[in-house]
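# Residue-level structural notes
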Amino acid sequence: EEFIRQKQKENSSFDDSVKELKALRKDIPFIDDAIKNNGLNVLVNTWTAFESSVKDAWKIVLNKYPKKFIFNVTKNQDLSELDGFNSKNISIGLLAKYDFNISNHLGDLIVSKFDFTGINGIEKSLESLLKLKKEEPKFLINDSLHQLEIIRHLIVHNAGVIDADYLKKSKRKNEVLNEKLKLTSNEISKMCNESIYATVATIELIESKIK
């Protein structure tokens, strides 16, 4: 730590700092490993932020505009498995939980019936809520966003070690079965940025439907 601070003082320019960092990564393997692992963690957290943001936006919309959207989500959705709530009856206990007024909590009640853990699930959930035309959620059809989803799954479920299922879905070249995933800073940045763009596009789409 002291060595790095000293080097930062000696090299004031960004380019010099980058050169020093590259030298450190080459000379001290555990620093290189730590930086690579941090990059993978960034991707996991980026995907989590994306799906959580879309899910929260979906829920808030139904909470705030129940009359406009409730019949969209209940039209083809079986609500019988929801605790204390279905299309015909609501339990007294559930009503009491919301001070006998669930009109602004329908999103909280129904959101668990929808899947936000992947691009396909997110697309179907948005289509159900907003009655979208097929081409409207086109921002979800994105190679970088698709790559982020499958990489996140690989990191969480296989510690970033490439398996056969990942290889079938991946669009990256020169990947080898059973090797650790290797990503450049540019690849990581692009996937992170695409998730941000998709989140913003989702919110803009929802706003357009509200208006």
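Now for a look at the structure at hand.

Rules behind the numbers
Residues numbered from 1 in each chain as written. Predicted model: local features only at pLDDT ≥ 70, side-chain atom pairs only at ≥ 80, totals over all residues. Heavy atoms only, no water. Phe/Tyr/Trp six-rings, centres within 6.5 Å; stacked < 30°, edge-to-face > 60°. Helix = DSSP H or I, 4+ residues; strand = E, 2+ residues; numbered from the N terminus. Buried < 20%, exposed > 50% of the residue type's maximum accessible area, 1.4 Å probe, protein only. Core = buried A, V, L, I, M, F, W, Y, C linked by side-chain atoms within 4.5 Å. Contact = heavy atoms within 4.5 Å. Expected span 1.5 Å × (residues − 1).

### Here's the deal with the packing of aromatic side chains
Scanning the entire structure with this criterion turns up 3 aromatic pairs. For the pair Trp58 and Phe116, a centre-to-centre distance of 5.9 Å together with 75° between the ring planes defines the contact as edge-to-face. Placement of Trp58 in helix 3 (residues 29–64) and of Phe116 in the loop between helix 6 (106–110) and helix 7 (119–130) is noted, with a sequence separation of 58 residues between them. This pair shows no difference in class: Trp58 is buried, exactly as Phe116 is. One aromatic cluster is present, built from ring pairs that chain together Trp58, Phe114 and Phe116.

### Remarks on the nonpolar core
Soluble globular proteins tend to bury their nonpolar side chains together. Core analysis: the largest hydrophobic core is formed by 45 residues, its most contacted members being Trp58 and Leu62. Elements with a contribution of two residues or more to this core: helix 3, helix 4 (66–75), helix 6, helix 7, helix 8 (143–158) and helix 10 (185–210). The element contributing the most residues to this core is helix 3, with 10 residues. The contacts of Leu62, once residues within four sequence positions are left out, are Phe69, Ile70, Val73, Leu106, Gly107, Ile110 and Leu129.

### Some thoughts on helix 7
Taking 1.5 Å of rise per residue, the 12 residues of helix 7 would be expected to cover 16 Å, and the 16 Å separating its terminal C-alpha atoms lies within 8% of that figure. Within helix 7, 9 of the 12 residues are buried, which leaves the element mostly enclosed by the surrounding structure. Every buried residue belonging to helix 7 is among Ile119, Gly121, Ile122, Glu123, Ser125, Leu126, Ser128, Leu129 and Leu130, and all of these are buried. Phi for Lys131, located one or two positions after helix 7, is positive at around 55°.

These results come straight from atomic positions and should not be treated as a statement about function.
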